[in-house]
Amino acid sequence: SQQGEEDPQALSIQEGENATMNCSYKTSINNLQWYRQNSGRGLVHLILIRSNEREKHSGRLRVTLDTSKKSSSLLITASRAADTASYFCALNTGGFKTIFGAGTRLFVKA
Amino acid sequence: ETGVTQTPRHLVMGMTNKKSLKCEQHLGHNAMYWYKQSAKKPLELMFVYNFKEQTENNSVPSRFSPECPNSSHLFLHLHTLQPEDSALYLCASSQESYEAFFGQGTRLTVV
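Residues numbered from 1 in each chain as written. Chains lettered and ligands numbered in written order. Predicted model: local features only at pLDDT ≥ 70, side-chain atom pairs only at ≥ 80, totals over all residues. Heavy atoms only, no water.

## Some remarks on the overall build of chain B
From N to C terminus, chain B includes 0 helices and 11 strands. Starting at the N terminus and walking to the C terminus, you meet the elements of chain B as β-β-β-β-β-β-β-β-β-β-β. Computed over C-alpha atoms, the radius of gyration of chain B comes to 13 Å, within 12% of the 13 Å expected from 2.2 N^0.38 for 111 residues, which places it in the range of a compact globule. Once the C-alpha set of chain B is aligned to its principal axes, its extents read approximately 35 × 25 × 25 Å. Taken over 111 residues, chain B has a buried fraction of 48%. Looking at chain B alone, contacts between residues at least 24 apart form 52% of all its contacts between residues at least 6 apart. Carbon and sulfur atoms provide 50% of the accessible area of chain B, an area that totals close to 5,200 Å². Put simply, chain B has 10 plus and 10 minus side-chain charges, and the middle of one group is 10 Å from the middle of the other. (Helix = DSSP H or I, 4+ residues; strand = E, 2+ residues; numbered from the N terminus. Rg over C-alpha atoms; globule rule 2.2 N^0.38 Å. Buried < 20%, exposed > 50% of the residue type's maximum accessible area, 1.4 Å probe, protein only. Contact = heavy atoms within 4.5 Å. Areas by Shrake-Rupley, 256 points an atom, 1.4 Å probe, with all protein chains shown as cover. Lys, Arg positive; Asp, Glu negative; His and termini not counted. Charge placed at Lys NZ, Arg CZ, Asp CG, Glu CD.)

Set out below in structure tokens:
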């Protein structure tokens with residue numbers, strides 16, 4: 001399978017806590033992307049990390065990539081109720097083919 | 001507002017109907033995509049177009065027929081669908097293989 005596998009499938013935390021989601025994959029990648037989706041809406045791009053990068057930050061988001069372990073993690077610090085959504089990792093294996101995983105459903109309790 | 005607009009937002013159609021989904025982007029991107037999102041399943045990449053040329057067709061049944069008349073517009077023509085085709089259909093665009101911008105989707109129900 002070319003898609004990433006997110007772990008956990010679902011995560012429930014209190015507001016203010018950190019949320020960590022993981023993505024494992026089996027193929028070589030060109031880049032890995034993280035997206036967010038609110039229920040029934042389109043996906044919103046969060047961060048893209050290239051295969052030669054190890055870490056990227058954007059506001060309260062931190063993404064790491066370990067190509068030797070074929071894994072990536074998304075950390076959301078100081079979570080807010082508004083962060084409640086599904087989060088997907090997406091693998092670009094070259095060209096225009098970007099494959100999405102099944103996602104992690106995050107619920108942040110106020 | 002992501003710059004990618006899909007219409008209609010909701011569609012109910014019978015199995016013998018013919019309908020079309022429309023997507024347009026005003027971002028100047030060179031690639032456009034159709035994805036299918038069913039409940040509890042990963043997003044499925046259906047079709048990819050690069051500058052109007054189809055580059056990917058992920059074994060999609062022929063009852064789904066894409067059309068890309070120019071790099072800003074993408075259609076998905078639907079014909080004799082099955083109830084299991086009910087899903088959220090998402091259009092996206094990107095410049096090369098970088099971040100994709102998604103539309104809000106069309107919620108399709110086949111009755």
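Back to the text.
## Observations regarding the pairing of strand S4 (residues 31-37) of chain B
All names here are of chain B. Summarising burial for S4: 7 of the 7 residues are buried, a large majority. Here 6 bridges tie S4 to strand S5 (residues 44-50), and the two strands are oriented antiparallel to one another. In the strand pairing of S5, Lys36 is matched with Glu44. Following S4, the chain reverses through 6 residues before pairing antiparallel with S5; Lys40 in that reversal takes a positive phi of roughly 60°. One ladder, built from 7 bridges, connects S4 with strand S9 (residues 87-94); its direction is antiparallel. (Pairing = 2+ DSSP bridges.)

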